[in-house]
Amino acid sequence: MTHLIAPSLLSADFTRLGEDIEMVNRSEADWFHVDVMDGVFVPNISFGMPVIKAIGKIAKKPLDVHLMIVQPERYFDTFRDLGTYCLSIHAEAVTHLHRAVHQIRELGMKAGVVLNPHTPVSVLEEIITEIDLVLLMSVNPGFGGQKFIEGTYGKIGKLKKLISSSGSSALIEVDGGVDLNNAGKLIAAGADVLVAGNTVFSSADPAGTISKLKNTVPV
Ligand code: DX5
Ligand code: ZN
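Rules used in this analysis
- Residues numbered from 1 in each chain as written.
- Chains lettered and ligands numbered in written order.
- Predicted model: local features only at pLDDT ≥ 70, side-chain atom pairs only at ≥ 80, totals over all residues.
- Heavy atoms only, no water.
- Donors = N, O, S within 2.8 Å, 3.2 Å for Na, K, Ca; no water.
- Tetrahedral: all angles 85-135°; square planar, octahedral: opposite > 155°, others 65-115°.
- Helix = DSSP H or I, 4+ residues; strand = E, 2+ residues; numbered from the N terminus.
- UniProt positions renumbered as here; feature names shortened; annotations may be inferred.
- 1 Å grid on protein atoms, 1.4 Å probe; cavity = no way out; pocket = protein on both sides within 12 Å on 5 of 7 lines; lining within 4 Å.
- Buried < 20%, exposed > 50% of the residue type's maximum accessible area, 1.4 Å probe, protein only.
- Contact = heavy atoms within 4.5 Å.
- Pairing = 2+ DSSP bridges.
- Axes fitted to C-alpha atoms, helices over the stretch in contact; angles between N-to-C directions.
- Phe/Tyr/Trp six-rings, centres within 6.5 Å; stacked < 30°, edge-to-face > 60°.
- Lys NZ or Arg CZ within 6 Å of the ring centre and 35° of its normal.
- Near = heavy atom within 4 Å.
- Areas by Shrake-Rupley, 256 points an atom, 1.4 Å probe, with all protein chains shown as cover.
- Sits in = over half its atoms within 2 Å of the grid points.
- Nonpolar A, V, L, I, M, F, W, Y, C, P; charged D, E, K, R; others polar.

### Some words on the coordination of the zinc ion (ligand 2)
- In this structure, His33 (NE2), Asp35 (OD), His66 (ND1) and Asp175 (OD) serve as the protein donors to the zinc ion (ligand 2), at separations of 2.0 to 2.3 Å.
- One can describe the site at the zinc ion (ligand 2) as octahedral: its 6 donor atoms subtend angles covering 70 to 169° at the metal.
- Taken in sequence order, the residues that donate to the zinc ion (ligand 2) follow the motif H-x1-D-x30-H-x108-D. Residue Asp35 is found in strand 2 (residues 32-37), and its partner Asp175 is found in strand 7 (residues 171-175); the two are separated by 140 residues along the sequence.

Here is the structure:
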């Protein structure tokens, strides 16, 4: 499989969000990455249901929703109703991860599990065959435009080994500080999906940058 690109709307211009969504619709991007923050699990608040509902109305590509909230189980139904394709929850935010991922799947969504930079891949050993995606944070979650954590390459390698040795078909997604310099190395390490916020939306040519990310070759 060629890698997928998921522009993060957190870095979009909210005064012209509709235009930025249309740009992504027309671009070579694969998914919309939607970051939901509650000011408790992470020290920032992004946007909530009315905005996501508006995004869903015009987005023509699957919604890849990244929940950075405490007790995410409270909102699984709502995110399904908002048209979420893949719903990712932090391993650090739920006590009963097994129950939670099954609830997500039973609602008809793909289930993703997110790991903060300090959380080892080994926490997924007993659940890796039951999830659709692992989202590795390559920054501490909460803000766009942060510096990429270099240890991520090694973590992708460990995750890739766990996935192949278990027979899991989970995708590996990397989120935070992804740019045109590290994309090729991330793909070579085994990343299937690259999230990119600042790199895309602060670029003079966002659609061109998406195209460059999409056409990046492993190095
Ligand atoms: C950070 C979010 C990211 C963020 C990435 O907490 O999960 O999705 O938007 O932004 P960049 O690509 O600018 O690091
Ligand atoms: Zn994210």
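### Looking at the UniProt feature "binding site: substrate" (unreviewed entry) in the protein chain
- The UniProt entry lists Ser8, His66, Gly142, Phe143, Gly144, Gly145, Asp175, Gly176 and Gly177 under the feature "binding site: substrate" (unreviewed entry), expressed in the numbering used here. Considering only the annotated residues already named, the ones lining the largest pocket are Ser8, His66, Gly142, Phe143, Gly144, Gly145, Asp175, Gly176 and Gly177.
- Within the fold, His66 resides in strand 3 (residues 63-68).
- For His66, a relative accessible area of 0% puts it in the buried group.
- Mapped onto the elements of the fold, Gly176 is located in the loop between strand 7 and helix 6 (183-189).
- Accessibility expressed as a relative area gives 10% for Gly176, which makes it buried.
- For Gly176, the contacting residues outside a window of four places in its chain are Ser138, Val139 and Phe148.

### Side note on the sheet that holds strand 8 (residues 193-196)
- An order of 1-8-7-6-5-4-3-2 is seen for the 8 strands of this open sheet, with the pairing classed as parallel. A strand with exactly one partner marks an edge of an open sheet, and here the two such strands are strand 1 (4-7) and strand 2. Put simply, the sheet's adjacent strands are angled 25° from each other on average, direction ignored.
- Relative to the sheet, helix 4 (residues 97-106) contacts strand 4 (84-90) and strand 5 (110-115), its axis offset from that of strand 5 by approximately 145°.
- Strand contacts of helix 8 (residues 206-214): strand 1 and strand 8, with the helix running at about 150° to strand 1, the strand carrying the most contacts.

### Overview of the packing of aromatic side chains
- Applying the stated criterion across every chain, the model contains 3 aromatic pairs.
- Judged by centre distance (5.3 Å) and plane angle (55°), the ring pair of Phe148 and Tyr153 falls under tilted.
- Judged by its relative accessible area of 13%, Tyr153 falls in the buried class.
- The lysine or arginine in question, Lys185, covers the ring of Tyr153, its NZ or CZ lying 4.2 Å from the ring centre.

### Here's the deal with the site of ligand 1
- Near ligand 1, the surroundings consist of 20 residues, among which Ser8, Gly142, Gly145, Asp175 and Gly177 are the closest.
- For ligand 1, whose accessible area on its own is 380 Å², the fraction buried by protein is 99%.
- Its atoms largely coinciding with the cavity grid, ligand 1 occupies the largest pocket.
- Within the residue set of the shell around ligand 1, elements represented by two or more residues are strand 2, strand 3 and strand 8.
- Among the elements that line the shell around ligand 1, the one with the most residues is strand 2, at 3 residues.
- A class-by-class count of the residues in the shell around ligand 1 yields 8 nonpolar, 10 polar and 2 charged.

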